[in-house]
Every structure is written in structure tokens, then in C-alpha cells.
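# Close look at the chain arrangement
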There are 2 protein chains.
Amino acid sequence: MDKKIIVIGAGLCGTLLALRLAQRGHKVTIYERRQDMRTAQISAGRSINLALSDRGLKGLRLVGLENQVNDLVIPMEGRMIHPMQGDKSYVRYSGRTGEWINSVSRGGLNILLLNEAEKTGLIDIHFNMECQDIDFDGGKITLTDLGTKTAVVDSADVIFGTDGANSAVRNGMMAQSPRLRFDFSQKYLDTGYKELEIPPAEDGSFRLEHHALHIWPRAGFMMIALPNLDGSFTVTLFMPFEGEKSFSNLQKDDEILSFFEEQFPTAYAQMPDLLADYRSNPSSSLGTIKCYPWQVNGKFLLMGDAAHAVVPFYGQGMNASFEDVVVLDGLMDEYGDNWPEILSRYQAVRKVDTDAIADLAQDNFYEMRDGTADPVFLLKRKLELHLEQTNPNYFSKYSMVTFREDLPYHIAMTKGRQQDQILMDFASKVTDVNQVNYDELSKMLV
Amino acid sequence: MDKKIIVIGAGLCGTLLALRLAQRGHKVTIYERRQDMRTAQISAGRSINLALSDRGLKGLRLVGLENQVNDLVIPMEGRMIHPMQGDKSYVRYSGRTGEWINSVSRGGLNILLLNEAEKTGLIDIHFNMECQDIDFDGGKITLTDLGTKTAVVDSADVIFGTDGANSAVRNGMMAQSPRLRFDFSQKYLDTGYKELEIPPAEDGSFRLEHHALHIWPRAGFMMIALPNLDGSFTVTLFMPFEGEKSFSNLQKDDEILSFFEEQFPTAYAQMPDLLADYRSNPSSSLGTIKCYPWQVNGKFLLMGDAAHAVVPFYGQGMNASFEDVVVLDGLMDEYGDNWPEILSRYQAVRKVDTDAIADLAQDNFYEMRDGTADPVFLLKRKLELHLEQTNPNYFSKYSMVTFREDLPYHIAMTKGRQQDQILMDFASKVTDVNQVNYDELSKMLV
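Residues numbered from 1 in each chain as written. Chains lettered and ligands numbered in written order. Predicted model: local features only at pLDDT ≥ 70, side-chain atom pairs only at ≥ 80, totals over all residues. Heavy atoms only, no water.

Within chain A one finds 14 helices and 20 strands. Over its C-alpha trace chain A gives a radius of gyration of 23 Å, about what one expects of a compact globule, namely 22 Å for 446 residues. Across its three principal axes, chain A shows a C-alpha extent of roughly 65 × 55 × 45 Å. The proportion of buried residues among the 446 residues of chain A is 54%. Look at the contacts in chain A between residues 6 or more apart in sequence, and 70% of them connect residues 24 or more apart. With an accessible surface of roughly 18,600 Å², chain A has 49% of that area assigned to carbon and sulfur atoms. Between the centroid of the 45 positive side chains of chain A and the centroid of its 61 negative side chains there is a distance of 3 Å. (Helix = DSSP H or I, 4+ residues; strand = E, 2+ residues; numbered from the N terminus. Rg over C-alpha atoms; globule rule 2.2 N^0.38 Å. Buried < 20%, exposed > 50% of the residue type's maximum accessible area, 1.4 Å probe, protein only. Contact = heavy atoms within 4.5 Å. Areas by Shrake-Rupley, 256 points an atom, 1.4 Å probe, with all protein chains shown as cover. Lys, Arg positive; Asp, Glu negative; His and termini not counted. Charge placed at Lys NZ, Arg CZ, Asp CG, Glu CD.)

Now the structure itself:
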């Protein structure tokens, strides 16, 4: 016990990890490149929300925050689908009661974790500290204090890199690639995203149903909206960078306005600041990052987005990172203070699962964008909901990934893909769910 | 014509490219990080040889060097396989006459190309110039003169990055990843390599048959040897870094000597400097690098290992790089001076082929290491040689990759893999080639 531990990065994963380590009696120093979000005006400024579900909640339960986080979330029990023509339709995420996902502000949750971390008295958080160099063999890191422009060197028994998709710790491993035989891949989508907003109504209420994740699926692009506590929705347009319907083809004011009016009429009417938001917010890229090994010398370990950045289409990025902490915690139970063993086991058991959620998230982009507008897919979802309502042993792929925190991602993926094939096959042969022989279907799904 | 062109990297690909560009009337500046290998003692020093085959020869023919290169090569007409037990066996690379591969010194070939490049009068080569920074939008590069430690800025109409597997030009693209949506992957093998030597005999002659590539296939590791003009062989041991038979387990003098004596008796007897070579030469890693896009702004283009580093097991790294130049040259014929079009077409047509040779090279590692010791595989090779001798339309996968410079790699791969499945199936059912019904086999291979 009472090892000295450094955590690089005070984002969601890093603060949860530090909090858990402190609860186990370790002394932790966190270095964060950014300013303290509790006191500084963060330039990004916008309330970016995320979908918190069971795997993430399990991580918060581990540190005793399951009740406090309730005040920060808005449950979303299903997808509200806004088709191009016709009425919107509501599809529940689960056929079971008590299963939903939660819209939560990234900043709000991060602040809760930072406050709880400091309360332990075992965690020192240093902001404005940029990691510059890593001496893997010496077990040392060099940082720059961005305020004073001075260099700081620190060392510890264990050093975690939870510094996100552009991780400096991972870049340090990249620089040592041949020696570490560091496998790395980054893969971008042709589609990017831009954040927009549906503000609260004049009376402060929500302008759309707020216990839902709204989707406007279109051919080749889509828009989604998640509710915020203040009555607003964060809206995200996902669209290719190039091509006919693309960011590069949508530049002039009248083009932008008529595009939204035509494609997303139910949202357009609720977006008074559309043009200003569209102009001031960047069109950002979306990519998947995989790498291996995650640990070096039994002393350094990548976790969270630093180890496995995923595209956002399964709403599992944060949940996977929190689950990382749960998995590590289980290994601390098992291997005590044998950190080389903990780190080496961690990467050995965890890699297959984060690879799975990365692949599932890429797949789900196509499902959300194209599938939710496909009659066969919608029928398949109805089959799934019926099965979930009538068969206590049936869980859809989505449910296994989202609600079954007891099932590793790679098992949810393998089993879910098998089920999907069977269900899509059934759905393609009927025009109405009443035509389906559920007994036959249930037998095939065993 | 007469565009100003910069080529970064004066290795095999860069000098062949510059030479061809000059022959087409362009003025070329080459920047090379290393010293001039014609005058400086290159620290590596060892004569590293490569296998030059038809795709590479096509590149040399393009610039009129097909005759001059003849003085630099030693033809290798087959593999000499040294099993653990029993007699060595010789397996020709092709059942046809006139098809062989060539052992050539990397340095010797590079010097030939450098000399020819300078003879054109249109190529300036600057050595000791390290590329530091690339301004893709401004079309400018910043280099450091390693002699004077001063910075040099240069610009051109077109800038090629032929600076090898650790390309500074590619690293510049990596630094701009989100904007360029730059896909990148690097993947290492668990196996590394160490170069050793079989020196010439006392009378200057070769100690082994020199018109062959020698292989000592073993379970999980292997050794190969290629002849050099001076009567020596460059020997390469491929072995895992970790595990029972591994570099990390082979450290003490007596362990090293008894390992070679036991595993490679026919080579061990010919390696008087084994221990000194083993100690002084590094154990190096082997990896595959893929990336995309290769071109930026119609002005910058990655070629050769900078764009596609492969493992050496198909002997195609240099050949693929020379073929890059041939493909680009064809597009210069087609699109004249429209460089944005040339660069964009180049990456669109070429990527699928360099991905194919990368995958084939990884596969061939297992074939060379394990297959050449497998009776079914050896029988399959005999079938192939018989087919090549009797059927003018049959080409093995190896032959298509190595000798059919008219077939793109990706076609050689697809067709070759189909053939291999059929042949291995046939070979697994017989104990002798005489039992095979060649008519039936030939029909299946159509």
C-alpha cells in the first residue's frame, strides 16, 4: 500500500482512477495540462454531454458516487426518430423496465470527480502542467509548468497515462516504437461533426421530449440531440467532409439555412441561433485509435481514451474508460501491490474488450445513420423489444453492450452479431411483427 | 515540364525517382539526412543485401540501368533448404527457365543510382540535411544543415517524401492528422532479426552454393543467407525477442555457440566470427507501416518505405519502391504536368497493391519459417514446379509476385491465394507427386 502514484490527465478517467487509488490508501499526484475547469473559463465553453450507462455507473458505484451522480443526469429511455417524411417514432432502448441511458454534462461530472478526489486528502492536483518527456527506464516524467514556463521532473512507483486521445504518454511510447514494438493505428471516418444547440424555450422548458435521444437519420448524414439540465439540447450534425451533402459544400448562409429547413424541419424550428452556431463551431474529425502494449516496464500504463479512443456512436467512450478503472480495481484485489503483475494482466485481459467496443462503435455509425431509416431495421428493433418484453433471457446487442455491465464487451459483440444476423433475416421476410413465429425465433436465438 | 521538384531522401527510391524526373526534364533537389555514402564511412558498415527481382528491374530498365546493374548482382535460382535432420534440398523459385531473383548490395545499388543522378546535370544532392518541419499549405520545408547547424528553407512545385520507414515527411502528416484525416498503422512482429556473416573461404571462394538463397527453417525461428560479390554471405537470424528460443534467452557465450552448433550445423562450421558478430550487431525489430492519404494539397507525396514499409519476407520492399516510380512515371505520361491529378491518381491506384505486398510479406514469414519444414508444403512446391514446367499458363503465387511485373500485386495476391488453397488441398491427400492427377488439378486451377 501507500505507493506514490502519478496520474497524467485529470479528465473523467484520470480523476475516477485517482479517487479509487486514494480510497485504497495510495498517495496520488495528478498532472493536468489544462486549467482547473472549476475556476477558469474553459475556452471551449459549450456544455458537451455524454451518454452515461451501466458500465460507467458501475465505475461511479465503485467510488461511492452513484447517488450524487443522479442529480447530474437526465434519463433517456429511447430514441426519438425524426424521419424525413411522416411522423416521428419512439423506439425504447430496452424492452425491460429500469433500463435506460443518461445524458450527463462532461464538465459537470468531471467537476464532481475533481471535488471528491480533493476531499480524500491523498490527491494533489496540479493544473497547467504539460507532460513533455518520459524516461521509461528511469521511471521519470518531465513536465512544463505552463504558468511559470519552468520544467518540473517527477517520479513515482506507478505512472498512469489517462491524458486522452492525443495522449502525451502514448506519444512517448510512439517515440520508442521499435524498442517497445509499439503497435499503433489511427483511422478516421470521412464523416465529421459539428455541435449546435436547441436552447430552452422562453419559459425554461425543453423544446422537445427530453427523456429521449433524438435522431434525424438521413441518407449519408444524420443529426442527434441530447438534453441538458438547463432545458437545452446539445445537437450534433454528423456529415461527410466532402461530397454533395458535406461540410465543404455547405458554406453560404442561405445554403446552410435551407439545408436545415429541408432536412431537419422539426429541429430547424427550434434552433434560433443556428447560423451563428454553425459558423462559430468547428467541423471536427472522428477517429478510432488502437495501440498495444499499454504498459511499459511494469510502471507505466495507458488507460481510457489514451489507450483506446473510439467514435461516439455507441455512447460508450466514457463508459469504457470508467470500466477500465473497474477492471484495474479487480486486479488490485487479486495481485495486491504487485504492480508489474497488475499492469501486465490488465492489458492482457482488457485489450480484446476495448477493441470490441471500438469496432461496435464504428458499426453503430452506419446503423444510426442508415439503419434507423430502414424499414427492415425498424422491424428488427420491434422484434427485439418484443423478445426483451417476453423472454427474460434475451438481451439485444445494444442491451448487452449498454446494460449488461457483467458481460465483457467482446462477448456482447460476438453474441450480439450472431443474434443480429438471425433477427435481420427474420425481419426481412415479414412486413409486420405479428407475422413472426416467436417460438421458432426464440429457438434459433438460444 | 521543367518544374522545380524536391525529393527528401536519397535512398534507393528517392534516387531512382529523381533520376527519372530529371530524364523527363525536371530540375530536382535532393535532401538527404545522412552523409554521402560514396565518401563517408557509414557507421552501419555492413554490406546489407537485398533480393532484386522483376518489378525492381523494370524500374531500373525505365532509367536505362538494366545492363549496369548486372555487374552488381548474384543470381539466386532457388532456395537451398537446410533441415534440422537429413540432407539439404534445393527448390527452384520457378519451374520456368530464365526466372530467378538477384542478391544485390543495398549500398552498391544506391551508389550506382547516385552517380547516374548526378550525371544528368539536373539533380543537386545535398547531404547532411535533416528535414525538421513541413508547411503543407505554404508548400515549404525547413531543414537543418547538420554540418553547420543552420536552418534552410526551400520550396518547390512538387515535394516527394522518399525518406524511408521513419519518414520525417510522414511524421509531418501525422502531426496534422485530424485535419488531413491521416490514417496510420504500425504493427510489429514478435520476431526480430540479427545480421551475421559467413566470410569468404581462404581462397576467396564462396563457402556455400552461391546461386541460392539459403534457409535454415526451424520451429518458431529461422536463419537465411544471401551471397555477396566478395565471396561472403550475409546471414540473418530471425528469432522471437522473448520466449524459450529467443534473443533474450541467448546471452552467454556458451549458450550462443551451442545454440548455433545444434540448430544450424551446416552454417555454424562456416562462421568463424559468429560470437563477435552476434555481440556487436543489434537485434532489430520488424514492422509493417501503412498510411493514407499519401498526397497532400496536390504538392506533397509519400513514396517507397515512407508510404508502405513491409517486413522483408517476400524480398519485395525495394522492388515495390521501384515499382512505385514506374507507376508514377506512367501517370506522368497520362497527365502531363497536372501534378495534383498525378498525385491523386497515384495514391488511388497504388494503395491496394502496396497493402497486398505488405500482407503477403507477413504471410511469407510463416511460410518460410514453418512451411519450408512441412512435408505437405514441400510437396505442394513440387506440384507447383511441375505445373510451371508443363503448363505455360500456370504461375505460382511466388512467381506472380516475383516475376510477373505485368500483374499488380493485389491480383497476384488474390489469384495466388486461391491457387494455394487448391494445391495444399491436393498435396495433403498424397504422399508423392506421382499420385497426383495433373489433368484434374489443372482444370481446378483455371
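This part covers the packing of helix α11 (residues 375-390) of chain B against helix α13 (residues 409-428) of chain B. All names here are of chain B. Relative to each other, α11 and α13 sit at 115 degrees, their axes nearing to 9 Å. Pair α11 / α13 crosses with right-handed handedness. For the pair α11 and α13, contact is made by V376, F377, L379, K380, L383, E384 and L387 and by D420, L423, M424, F426, A427 and S428, respectively. Of the residues in the contact of α11 with α13, the class split is nine nonpolar, one polar and three charged. (Axes fitted to C-alpha atoms, helices over the stretch in contact; angles between N-to-C directions. Left-handed = near helix turned anticlockwise from the far one by under 90°. Nonpolar A, V, L, I, M, F, W, Y, C, P; charged D, E, K, R; others polar.)

Next up on the list: the interface of chain A and chain B. Taken together, the contact between chain A and chain B spans 16 residues of the former and 16 residues of the latter. In terms of surface lost to chain B, no three residues of chain A exceed A:R181, A:Q186 and A:Y188, which account for 45% of the buried area on that side. Between chain A and chain B we count two salt bridges in total. The partner of B:K187 in a salt bridge is A:D183, with the nearest N and O atoms 3.4 Å apart. Counting only elements with at least two residues in the side of chain A that touches chain B, the list comes to α5 (177-180) and β13 (183-198) of chain A. The greatest single-element share of the side of chain A that touches chain B, amounting to eight residues, is contributed by β13(A). (Buried area = accessible area lost by both parts, 1.4 Å probe. Salt bridge = Lys/Arg side-chain N within 4 Å of Asp/Glu carboxyl O.)

Turning our attention to the relation of the copies chain A and chain B. You can overlay chain A on chain B at an RMSD of 0.0 Å; the transform is a turn of 180 degrees with a shift of 0.0 Å along its axis. Read as a symmetry element, the transformation amounts to a two-fold axis. When C-alpha distances to the rotation axis are compared across chain A, the minimum falls at A:S185, with a value of 2.0 Å. Of the interface residues in chain A, 100% have counterparts in chain B that sit at the interface too, so the contact is made through matching surfaces. (Least-squares fit on C-alpha atoms with pLDDT ≥ 70 in both.)

Next up on the list: the nonpolar core. The biggest cluster of nonpolar side chains holds 139 residues, and the ones touching the most others in it are A:L109, A:F160, B:L60, B:L109 and B:F160. Leave out the neighbours within four places in its chain, and B:L109 touches B:L12, B:L60, B:V69, B:L72, B:V104, B:M318 and B:F322. (Core = buried A, V, L, I, M, F, W, Y, C linked by side-chain atoms within 4.5 Å.)

With that settled, the discussion passes to the sheet that holds strand β1 (residues 4-8) of chain A. All names here are of chain A. Taken in spatial order, the six strands make up an open sheet running β8-β2-β1-β12-β19-β18, and their pairing is mixed. The outermost strands of the open sheet, each flanked by one partner alone, are β8 (123-126) and β18 (295-296). In the sheet, strand β12 (residues 158-161) pairs with strand β19 (residues 300-302) via three bridges, with the strands oriented parallel. Within β19, the position partnered with F160 by the bridge is L301. Packing of helix α4 (residues 168-175) onto the sheet brings it into contact with β1, β12, β18 and β19, and relative to β19 it is tilted by some 115 degrees. Set on the sheet, helix α10 (residues 339-369) makes contact with β1, β12, β18 and β19; between it and β19 the angle comes to about 25 degrees. (Pairing = 2+ DSSP bridges.)

The next point concerns unusual backbone geometry. Backbone torsion omega between A:Y292 and A:P293 reads 0 degrees, so that peptide bond is classified as cis. At A:N128, a position not held by glycine, the phi torsion is positive, near 60 degrees. By the element assignment, A:N128 lies in the loop between β8 and β9 (129-135). A positive phi is found at B:N297, a non-glycine position, where the angle reads about 60 degrees. Positionally, B:N297 belongs in the loop between β18 (295-296) and β19 (300-302). On the accessibility criterion, B:N297 (45% relative accessible area) is partly exposed.

What follows is about the pairing of strand β13 (residues 183-198) of chain B. Sheet analysis places β13(A) next to β13(B), joined by three bridges and oriented antiparallel. Following the sheet pairing, A:F184 is matched in β13(B) by B:Q186. The sheet contact formed by β13(B) and strand β17 (residues 284-292) of chain B spans eight bridges and is antiparallel. Its bridge partner lying in β17(B), B:G192 is registered against B:S285. Bridge count between β13(B) and strand β16 (residues 233-240) of chain B: eight bridges; the pairing is antiparallel.

The next subject is the environment of B:G317. All names here are of chain B. Relative to the helices and strands, G317 is located in helix α9 (residues 317-335). Separated by 277 residues in the primary sequence, G317 and A40 place their C-alpha atoms 25 Å from one another. Among residues more than four places away in sequence, those in contact with G317 are D305 and V310.

A few words now on the domain arrangement of chain A. Residue and element names in this part refer to chain A. Domain parsing of chain A yields domain 1 (4-73 + 104-185 + 287-352), domain 2 (190-285) and domain 3 (374-445). With centres defined by C-alpha atoms, the gap from domain 1 to domain 3 works out at 35 Å. Taken residue by residue, the interface counts 12 residues in domain 1 and 13 residues in domain 3. Carbon and sulfur atoms make up 51% of the surface buried where domain 1 meets domain 3, a total of about 1,000 Å² over both sides. (Domains from an automatic or database assignment.)

This part takes up helix α6 (residues 253-263) of chain A. Residue and element names in this part refer to chain A. Of the residues making up α6, those classed as buried are I256, F259, F260 and Q263. The buried side chains of α6 occupy one side of the element, clustering within an arc of 90 degrees when seen end-on. Opposite the buried face of α6, at more than 90 degrees from it, the exposed residues are D254 and E262. In this fold, the buried residues of α6 make contact with β13, β15 (222-227), β16 (233-240), α7 (265-268) and α8 (274-280). (Arc of directions from axis to C-beta.)

What follows deals with the sheet that holds strand β10 (residues 140-145) of chain B. All names here are of chain B. Pairing in this open sheet of three strands is antiparallel, and the strands run β9-β10-β11 from one edge to the other. Edge positions in the sheet fall to β9 (129-135) and β11 (150-155), since each has one partner strand and no second. Direction aside, the axes of adjacent strands within the sheet are offset by 25 degrees on average. Relative to β11, β10 runs antiparallel, the two being bridged by six bridges.

A few words on the pairing of strand β3 (residues 49-52) of chain B. Residues and elements named next belong to chain B. Here β3 shows two buried faces, one formed by N49 and A51 and the other by L50 and L52. Pairing geometry for β3 and strand β7 (residues 101-105), over four bridges, is antiparallel. Note on β7: the bridge partner recorded for A51 is S103.

Residues and elements named next belong to chain B. Tracing the backbone shows I123 in strand β8 (residues 123-126). We classify I123 as buried; its relative accessible area is 7%. Remark: the alpha-carbon pair of I123 and K27, spanning 96 residues in sequence, is separated by 6.2 Å. Discounting chain neighbours no more than four positions away, the residues touching I123 are A18, L19, A22, V28, I30 and A117.

Let us now look at the pattern of salt bridges. Per the stated rule, a full pass over the model turns up 58 salt bridges over all chains. One salt bridge in this structure joins A:E323 and A:R55, with 2.9 Å as the shortest N-O distance. Here A:R55 lies in helix α2 (residues 54-62) and A:E323 lies in helix α9 (residues 317-335), a separation of 268 residues in the sequence. Residue class for A:R55 comes out buried when judged on its relative accessible area of 1%. A salt bridge links B:R279 to B:D253; the shortest N-O distance between them is 2.7 Å. A residue pair is termed long-range when its members are at least 10 positions apart, and B:R279 in helix α8 (residues 274-280) and B:D253 in helix α6 (residues 253-263) qualify at 26 residues.

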